[in-house]
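Each chain, written out:
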Number of protein chains: 4
Amino acid sequence: MNTGVPSLNIGMVGHAFMGAAHSHAWRNAARVFDLPLEPRMVAVAGTSPERTAAAAQRLGWSEAVTDWRELIERDDIDVIDICTPSDTHREIAVAALAAGKHVLCEKPLANSLAEADEMAEAARKAAELGIWASCGFTYRRQPAVALARQLIQDGSLGTIRHVRVTYLQDWLSNEKAEHSWRLDASRSGSGALGDLGAHAIDLAQWVLGEKITTLSARTRIFVDARPSAGSGNLEPVTVDDAAFVLAEFSDGVIGTIEASRYALGRKNAFGFEINGSNGSVAWEFERNNELQRYDGGADPRSAGFTRVLVTEPSHPYLQNWWPAGHTLGYDHAFVNQAADFVTSICAGLQPTPSFADAAYVQRVLSAVQLSENSHQWQAV
Amino acid sequence: MNTGVPSLNIGMVGHAFMGAAHSHAWRNAARVFDLPLEPRMVAVAGTSPERTAAAAQRLGWSEAVTDWRELIERDDIDVIDICTPSDTHREIAVAALAAGKHVLCEKPLANSLAEADEMAEAARKAAELGIWASCGFTYRRQPAVALARQLIQDGSLGTIRHVRVTYLQDWLSNEKAEHSWRLDASRSGSGALGDLGAHAIDLAQWVLGEKITTLSARTRIFVDARPSAGSGNLEPVTVDDAAFVLAEFSDGVIGTIEASRYALGRKNAFGFEINGSNGSVAWEFERNNELQRYDGGADPRSAGFTRVLVTEPSHPYLQNWWPAGHTLGYDHAFVNQAADFVTSICAGLQPTPSFADAAYVQRVLSAVQLSENSHQWQAV
Amino acid sequence: MNTGVPSLNIGMVGHAFMGAAHSHAWRNAARVFDLPLEPRMVAVAGTSPERTAAAAQRLGWSEAVTDWRELIERDDIDVIDICTPSDTHREIAVAALAAGKHVLCEKPLANSLAEADEMAEAARKAAELGIWASCGFTYRRQPAVALARQLIQDGSLGTIRHVRVTYLQDWLSNEKAEHSWRLDASRSGSGALGDLGAHAIDLAQWVLGEKITTLSARTRIFVDARPSAGSGNLEPVTVDDAAFVLAEFSDGVIGTIEASRYALGRKNAFGFEINGSNGSVAWEFERNNELQRYDGGADPRSAGFTRVLVTEPSHPYLQNWWPAGHTLGYDHAFVNQAADFVTSICAGLQPTPSFADAAYVQRVLSAVQLSENSHQWQAV
Amino acid sequence: MNTGVPSLNIGMVGHAFMGAAHSHAWRNAARVFDLPLEPRMVAVAGTSPERTAAAAQRLGWSEAVTDWRELIERDDIDVIDICTPSDTHREIAVAALAAGKHVLCEKPLANSLAEADEMAEAARKAAELGIWASCGFTYRRQPAVALARQLIQDGSLGTIRHVRVTYLQDWLSNEKAEHSWRLDASRSGSGALGDLGAHAIDLAQWVLGEKITTLSARTRIFVDARPSAGSGNLEPVTVDDAAFVLAEFSDGVIGTIEASRYALGRKNAFGFEINGSNGSVAWEFERNNELQRYDGGADPRSAGFTRVLVTEPSHPYLQNWWPAGHTLGYDHAFVNQAADFVTSICAGLQPTPSFADAAYVQRVLSAVQLSENSHQWQAV
């Protein structure tokens, strides 16, 4: 199909869960939103020729390659979309930016603060040349979350007092679940903390418009060895199973952040509650279309938490989706993210979150680990 | 205890489930509400001397008698509270009113329209002498229900378009559950219809401020014989297990009413949703402290059903109970009912609902059975 | 993109709300499911050249034409997908089937039973030649709904006693909302009944595996004239605003069905509760990823309605979507529907629902209108 | 009323909110439960003769006195029930125990750890003489909470991994709310911490069957001066408005505890979620009759959080209350508590929680304040 709109050519690295979600986004963004350039799914890079070719066909990429450097060297690719494990992010992103490619990189930005800072610095330099980098904290694009931020930004909630953020899954709860690279610190950097906690920290900071400044934290490994998928031999678990953070934000906000892969029954229960002097909001991803909002100015006789079904045309992103009451799911936020990314870079504007924003999240993750090690409050 | 407040002396007939609930009400009403006369629990009447004496002690009645007529003949009793099966209501109530006793009678008012009309006529005559009768449709005194009525009465919901009322239980769902007098039409008059449907009909009419005028209905017996508790022999079920009604109300309101003892998982799920031109309300007893309210005038960006926790001092009855957020349960409505009853009769006013109101409910129940028999729409 | 998989060539008629939803489905089905033929979005037909061309570009169709007959005449089109208003369905579908094209037609199948029967007859004849027709009752493909049907089909709920289905919207609640062709019986056939009630009837019958056999119904017009969008002159509303049905199904099931465009606060609240002798299920679209299920065999100490988050790999359609806990929305059911349709016709099997199934729904709609007119119970 | 059952004579000190709740409990406990001795409401002590006399009449006490010492000196009083502000608990309780009176004391046990330890020591000595003391952590007697503990005690949840407890109110959220003794540390000891946090800590420890061993905490004063009720002059707020605790329990459990009077919209939102290796439970007081339970052993196809309506005869305390589905509220837990207290002391057994248990809660409260002051982790 040639729609006559000039294209923005995408090369994607990685084609597992995140690769599928990003492919969905590139495929649909211009079908839903008015974009100045239409994303074209040029090529996907993987390691196995067979699996990459199969992924290209399944996900809708024109070509499959087995070295991500090939994507960076091509002139017909404008954007590098990084969907690989986090230990590879730095190398790919820095090379892509140096080659003049815009970059969208999955979260967490990196496995260490040093890597993240290097990436942020590379992005800062590229930005001077009009080359942009952004990190895929996609939950910012869930409409109910974006509405929560709007209500805080426009003052509807008054002065924010406290916040509670939880990101709960349960796939490690079974003690017999197998080991994987995700449980090996040398590959994944951290466990629930980087996987779930990074989202929690980014979302808290973004929705509130505040940064975490100091924290006290504990992480836990509940099951310290698991059977290898191949041999069945027990291998050590070297990343956290869960992390618990007491956090102080700028402007006096205080709160708790929890991330766990052991919250039995919670499948992807990412949520928050924020209480301000004039209102409160609460959200949970498992009912992602709803924002619970309490208006402190309402008559007590009829006040209460209002379940706002965030599907009205006046809600963020909804003008372009379905009529009121027709719910969105997980993948719509990726389409929204792709559209925002394309719109920003076509306008010569920094897409959000920047690598600097994502590096600050990494700084908080690092502070959590330092606090766990030191048993002390830690400045970010 | 002698509190120094002049007393209103109560005699209660029956001491099973409803007797316990009414006793709780008489015991606590003056401890919660400012009443002009303080209810005194003088005597309870039952059939078995032993069980009645035990009930008197357990429930807090000073005396136990084995003939309700004795209560009616005593000068030191002002109110007869009828908590017996519905086939006995007419005789007791008519005799009590004739003897100059105020009457509070459990629902359904009677087992037939003829009985109910006779009772309403007796009450009409007694009222001329300042003797009052009321029927125990206690769910009117659940604060969230009373708030729903207020919102309709004050016009907050605009013109009412339609209503759905459901009263669902599941205690007969098990096909092997035993037979009882409740399943014998000669004793209980009807099944789910009179037991649950009577509440549903009364509440719909009261909250809306409208009367059902015509209806089309179906009733069902799903299990037509059950083992006798004693012999184990199968005995026929002669009352409805469930009833389904399509109803037209005065003023153009239309709706459905359902009552069932076979809604597996629904324990006492009495609820309604009412939709008007300017708002909606929904309530369910299993979360009895909450009224869901939609305000049609709200900004669509933040509109939605608001879960009003009906525990504020400004809510009906709540001024006299606990602080905001401290929930009430099933029995509080009985205390509220006793207080309302005492307050009304002390003021020389008709307590609500009157026997005439309750007889109208009976007229609707009768129309349901006629419609089931005729397969026709039936005027009430 | 040429994925190397042989294609199934689609021509779509109509490009409004349903056209966008179907385009989304054709665009994504082969990216999610393993399909024997890959849908190719060849051409879309509309009436306005400009708007059709714009829709083709926006929605991703290679060509735009202004006469649906052109699609039918082309050899390179295999499937005609009908997304136009219901008064045009019969002519297009019958012509397409006669031309040897498979047909997917939006619901309601037609505006009258006569039209629907003619379409079902055309489909019956085409099926003899291996040409298949199906109707887009897409809610069957919501995973939680499909799970409910599985639980009933495999006997988990035991003997079904009763059902309640409601499909509630509120976009006509405002009395000043403008007139449109949807409120003109000559164009739309009926109002809430055909629009929402058709879905409710189809879903009830499909989930239960039973047919409605007799019914008593009432429909209502709450606001009988509305201002024309152009002139502002009042034009008569000639279709129902709401419909209420008391229905008897085959095998003794009984229930109520309600459809309304006046249920203020309910945006797309399509839901049901089904009670059987061994379990119950309840679902509502506004929380589409959840099925509430009560297991009658559970220990009463821990029994209750379980909120099943229908996102597990073992749930219908979910193997091909995202990991557990990552919710789906409205449009995913259209992708599922497209995949089911392609899979069926490639296997030479009747896709479901057939036109005969959809014509039976039309028969029920017709019975509702007859019952409203006659004030009588009506056999279907 | 003389029921013929020998009585246990109660003297109560204080007659405000807690006094009313305790009076309700003494009035009703023997009407619901089979008790070996029947509580008799002998006398209430207050400071104002008028208000105490009015309270006695309203709440149902035979006598009113203006010095609590008078109650302690009387031979006809067996139990001293302490419902006064916490700065008076130590003196009254120690004196009552020394006089051979059983003591039920409201929470928090005291305003300081030193006071609490002195009380626990007095209780230890009294217990040697068969005189018993207990502290009113009444939420232990909410049936859904007691069920949660049962499930943990019987191993249904497996090894507990983590817990989150929140106790949220909003009555101070308004910056213009008046000052009161509750905001003066010299009177109340602490703010949200002792008022709400004490409940949270006790319940967490009791439900889990574990003790908090170390913690890191932060408290906050959001509004540091408020107008005096009388003069309107600003008076300093010297107690915490909110407290946030990261806590390690015995046996490796970890969790967070939050208490706030600024959570706008949360009226009495006391709740917890506990995740174990084989199941999870969650509860919130505003829906106090429900326990959410996830069974890790369930088939994933139908697993999910089950909303157990804790009103079955097999649930804690429910055998003596109403039929299934007939909900309880706030005050029922006080009746349950009174019944448990009477049953224990009549059996010569230590009622729970003991003063030692309550002193341990005080030790945790003290550790929270030490951690706030030191910015260090604190052992309990």
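Owing to the predicted nature of the structure, the values given are computational and were not obtained by experimental measurement. (Residues numbered from 1 in each chain as written. Chains lettered and ligands numbered in written order. Predicted model: local features only at pLDDT ≥ 70, side-chain atom pairs only at ≥ 80, totals over all residues. Heavy atoms only, no water.)

With respect to the interface of chain D and chain A
Phase 1: If you look at the interface, chain D gives 44 residues, while chain A gives 44 residues.
Phase 2: One can count 10 salt bridges joining chain D with chain A.
Phase 3: In this structure, A:Glu175 and D:Arg161 form a salt bridge, with 3.5 Å as the shortest nitrogen-oxygen distance.
Phase 4: Counting the contacts that link chain D with chain A gives 25 residue pairs in polar contact (both at pLDDT 80 or more).
Phase 5: Looking at the side of chain D that touches chain A, the elements with two or more residues in it are strand 7 (160-168), strand 8 (212-220), strand 11 (242-249), strand 12 (254-260), strand 13 (269-276) and strand 14 (279-284) of chain D. (Contact = heavy atoms within 4.5 Å. Salt bridge = Lys/Arg side-chain N within 4 Å of Asp/Glu carboxyl O. Polar contact = N/O pair within 3.5 Å; in protein donor to acceptor, adjacent residues only side chain to side chain. Helix = DSSP H or I, 4+ residues; strand = E, 2+ residues; numbered from the N terminus.)

With respect to helix 4 (residues 89-98) of chain D
All names here are of chain D.
Phase 1: Burial in helix 4 covers these residues: His89, Ile92, Ala93, Ala96 and Leu97. Viewed along the axis of helix 4, the buried residues span an arc of 120°, placing them on a single side of the element.
Phase 2: Gly100 occupies a position one or two residues after helix 4 and carries a positive phi of about 80°. (Buried < 20%, exposed > 50% of the residue type's maximum accessible area, 1.4 Å probe, protein only. Arc of directions from axis to C-beta.)

Observations regarding the UniProt feature "domain: GFO/IDH/MocA-like oxidoreductase" (unreviewed entry) in chain A
Phase 1: Feature annotation in UniProt places "domain: GFO/IDH/MocA-like oxidoreductase" (unreviewed entry) on residues 146-281 of chain A, given in this structure's numbering.
Phase 2: Taken end to end, residues 146-281 of chain A is 21% helix and 37% strand, and its two terminal C-alpha atoms sit 12 Å from one another. (UniProt positions renumbered as here; feature names shortened; annotations may be inferred.)

Things to note about the relation of the copies chain C and chain B
Phase 1: Superposition record for chain C on chain B: RMSD 0.0 Å, screw rotation 180°, translation along axis 0.0 Å. Expressed as a symmetry operation, the mapping of one chain copy onto the other fits a two-fold axis.
Phase 2: When the interface residues of chain C are mapped onto chain B, 100% of them again lie at the interface, so the same face is used by both copies. (Least-squares fit on C-alpha atoms with pLDDT ≥ 70 in both.)

A word on the nonpolar core
Phase 1: Counting 233 residues, the largest nonpolar core has A:Phe355 and C:Phe355 as the members making the most contacts within it.
Phase 2: For A:Phe355, the contacting residues outside a window of four places in its chain are A:Ala93, A:Leu97, A:Val103, A:Cys105, A:Leu109, A:Met119, A:Ala120, A:Ala123, A:Ala133, A:Ser134 and A:Cys135. (Core = buried A, V, L, I, M, F, W, Y, C linked by side-chain atoms within 4.5 Å.)

Describing the sheet that holds strand 1 (residues 7-13) of chain B
Residue and element names in this part refer to chain B.
Phase 1: With parallel pairing, six strands are arranged side by side in an open sheet as 3-2-1-4-5-6. At either end of the open sheet lies a strand with only one pairing partner, and these are strand 3 (63-65) and strand 6 (133-135). With strand direction ignored, the average angle separating the axes of adjacent strands in the sheet is 25°.
Phase 2: Across the sheet, helix 9 (residues 332-346) is in contact with strand 1, strand 2 (38-45), strand 4 (79-82), strand 5 (102-105) and strand 6; its angle to strand 5 comes to roughly 155°.
Phase 3: Contacts from helix 10 (residues 355-374) reach strand 5 and strand 6 within the one sheet, and its direction differs from that of strand 6 by about 40°. (Pairing = 2+ DSSP bridges. Axes fitted to C-alpha atoms, helices over the stretch in contact; angles between N-to-C directions.)

Description of the pairing of strand 12 (residues 254-260) of chain C
Residue and element names in this part refer to chain C.
Phase 1: The buried fraction of strand 12 is high, at seven of seven residues.
Phase 2: With burial as the criterion, each face of strand 12 is covered, one bearing Ile254, Thr256, Glu258 and Ser260 and the other bearing Gly255, Ile257 and Ala259.
Phase 3: Bridge count between strand 7 (residues 160-168) and strand 12: seven bridges; the pairing is parallel. Looking at the pairing, Arg164 lines up with Thr256 of strand 12.
Phase 4: In this structure, strand 11 (residues 242-249) lies alongside strand 12, joined through seven bridges in antiparallel fashion. Note on strand 12: the bridge partner recorded for Glu248 is Ile254.
Phase 5: Following strand 11, the chain reverses through four residues before pairing antiparallel with strand 12; Asp251 in that reversal takes a positive phi of roughly 65°.

Focus: the UniProt feature "domain: Gfo/Idh/MocA-like oxidoreductase N-terminal" (unreviewed entry) in chain A
Phase 1: Here, the residues flagged by UniProt with the feature "domain: Gfo/Idh/MocA-like oxidoreductase N-terminal" (unreviewed entry) are residues 8-126 of chain A.
Phase 2: Taken end to end, residues 8-126 of chain A is 48% helix and 21% strand, and its two terminal C-alpha atoms sit 18 Å from one another.

Quick word on the interface of chain C and chain B
Phase 1: Contacts between the two partners involve 44 residues from chain C and, on the opposite side, 44 residues from chain B.
Phase 2: With both chains or domains summed, chain C and chain B bury close to 3600 Å², and 51% of this area falls on carbon and sulfur atoms.
Phase 3: At the junction of chain C with chain B, the criterion picks out 10 salt bridges.
Phase 4: Within the residue set of the side of chain C that touches chain B, elements represented by two or more residues are strand 7, strand 8 (212-220), strand 11, strand 12, strand 13 (269-276) and strand 14 (279-284) of chain C.
Phase 5: Considering every element that reaches the side of chain C that touches chain B, the biggest residue donor is strand 7 of chain C, with five residues.
Phase 6: When its residues are assigned to classes, the side of chain C that touches chain B shows 16 nonpolar, 17 polar and 11 charged. (Buried area = accessible area lost by both parts, 1.4 Å probe. Nonpolar A, V, L, I, M, F, W, Y, C, P; charged D, E, K, R; others polar.)

With respect to helix 8 (residues 192-208) of chain A
One turn of the α-helix equals 3.6 residues, which is why residues spaced by three or four share an orientation.
All names here are of chain A.
Phase 1: The end-to-end C-alpha distance of helix 8, which contains 17 residues, comes to 22 Å, matching closely the 24 Å that a straight helix rising 1.5 Å per residue would cover.
Phase 2: Ala198 marks the point of greatest bend in helix 8, at about 35°.
Phase 3: Among the 17 residues of helix 8, 17 are classified as buried, and the element is accordingly described as predominantly covered.
Phase 4: Gly209, located one to two residues past helix 8, shows a positive phi value of around 70°. (Expected span 1.5 Å × (residues − 1). Bend = angle between axes of the 7 residues up to and from the residue.)

Regarding the sheet that holds strand 2 (residues 38-45) of chain A
All names here are of chain A.
Phase 1: Spatial strand order, 3-2-1-4-5-6: six strands in an open sheet with parallel pairing. Two strands lie at the open edges of the sheet, namely strand 3 (63-65) and strand 6 (133-135), each paired on one side alone. Each neighbouring strand pair of the sheet contributes to a mean axis angle of 25°, computed without reference to strand direction.
Phase 2: Judged from the three bridges that link them, strand 5 (residues 102-105) and strand 6 form a sheet pairing that is parallel. For Leu104, the partnering residue across the bridge sits in strand 6 and is Ser134.
Phase 3: The sheet strands contacting helix 9 (residues 332-346) are strand 1 (7-13), strand 2, strand 4 (79-82), strand 5 and strand 6, and the helix crosses strand 5 at an angle near 155°.

Some remarks on the environment of C:Ala144
All names here are of chain C.
Phase 1: Inspection of the secondary structure puts Ala144 in helix 6 (residues 143-153).
Phase 2: Judged by relative accessible area, Ala144 falls into the buried class, the value being 0%.
Phase 3: Between the C-alpha atom of Ala144 and that of Arg31, which follows or precedes it by 113 residues, the distance is 22 Å.

A look at the domain arrangement of chain A
Residue and element names in this part refer to chain A.
Phase 1: Here chain A is described as being made up of domain 1 (7-138) and domain 2 (143-287 + 289-328).
Phase 2: Using only C-alpha atoms to locate each centre, domain 1 and domain 2 end up separated by 25 Å.
Phase 3: Domain 1 puts 12 residues into the contact, and the matching count from domain 2 is 12 residues.
Phase 4: Buried surface at the junction of domain 1 and domain 2, both sides included, amounts to about 1000 Å², of which 58% is carbon and sulfur.
Phase 5: Three residues stand out in domain 1 for area buried against domain 2, namely Val32, Phe33 and Phe137, and they jointly supply 44% of the buried area on that side.
Phase 6: Taken together, domain 1 and domain 2 are joined by two salt bridges.
Phase 7: With its nearest N and O atoms 3.6 Å apart, the salt bridge here joins Lys107 to Asp195. (Domains from an automatic or database assignment.)

Here's the deal with the packing of aromatic side chains
Residue and element names in this part refer to chain C.
Phase 1: One pass over the full model with this rule turns up 68 aromatic pairs over all chains.
Phase 2: Considering the side-chain rings of Phe222 and Tyr262, the 5.0 Å spacing of their centres and the 55° angle between planes classify their relative orientation as tilted. Residue Phe222 is located in the loop between strand 8 and strand 9 (225-227), and its partner Tyr262 is located in the loop between strand 12 and strand 13; the two are separated by 40 residues in the primary sequence.
Phase 3: In this structure Phe222 comes out as partly exposed when scored by relative accessible area, which is 22%. (Phe/Tyr/Trp six-rings, centres within 6.5 Å; stacked < 30°, edge-to-face > 60°.)

Examining the pattern of salt bridges
Phase 1: The tally for this structure, following the rule as stated, stands at 113 salt bridges over all chains.
Phase 2: In this structure, D:Arg301 and C:Asp154 form a salt bridge, with 3.4 Å as the shortest nitrogen-oxygen distance. Here C:Asp154 lies in the loop between helix 6 and strand 7 and D:Arg301 lies in the loop between strand 15 (290-295) and strand 16 (305-309), a pairing that spans two chains.
Phase 3: Overall, D:Arg301 belongs to the partly exposed group, its relative accessible area being 22%.
Phase 4: Note that D:Arg141 and D:Asp340 form a salt bridge whose closest N and O atoms lie 2.9 Å from each other. In this pair, D:Arg141 is assigned in the loop between strand 6 (133-135) and helix 6 (143-153) and D:Asp340 in helix 9 (residues 332-346), connecting sequence segments 199 residues apart.

Looking at the environment of B:Leu59
Phase 1: By secondary structure assignment, the location of B:Leu59 is in helix 2 (residues 49-59).
Phase 2: C-alpha separation for the pair B:Leu59 and B:Ala21, spaced 38 residues apart in sequence, amounts to 9.4 Å.
Phase 3: If near-sequence neighbours (up to four positions away) are discounted, B:Leu59 is found in contact with B:Met12, B:His15, B:Gly19, B:Ala20, B:Ser23, B:Arg27, B:Met41 and D:Arg31.

Looking at the side chain of D:Arg74
Phase 1: Inspection of the secondary structure puts D:Arg74 in the loop between helix 3 (68-73) and strand 4 (79-82).
Phase 2: Not counting residues within four places of it along the chain, the set of residues in contact with D:Arg74 comprises D:Val42, D:Ala43, D:Glu63 and D:Lys101.

Examining the state of the cysteines
Two cysteines whose sulfur atoms are joined by a covalent bond form what is called a disulfide.
Phase 1: Inspection of every chain in the model, using the stated rule, returns zero disulfides over all chains.
Phase 2: We note that A:Cys83 lacks a disulfide partner, and the nearest cysteine sulfur, in A:Cys105, lies 8.5 Å from it.
Phase 3: For B:Cys105, which is in no disulfide, the shortest distance to another cysteine sulfur is to B:Cys135 and amounts to 5.6 Å.
Phase 4: Owing to a relative accessible area of 0%, B:Cys105 belongs among the buried residues under this scheme. (Disulfide = S-S within 2.5 Å.)

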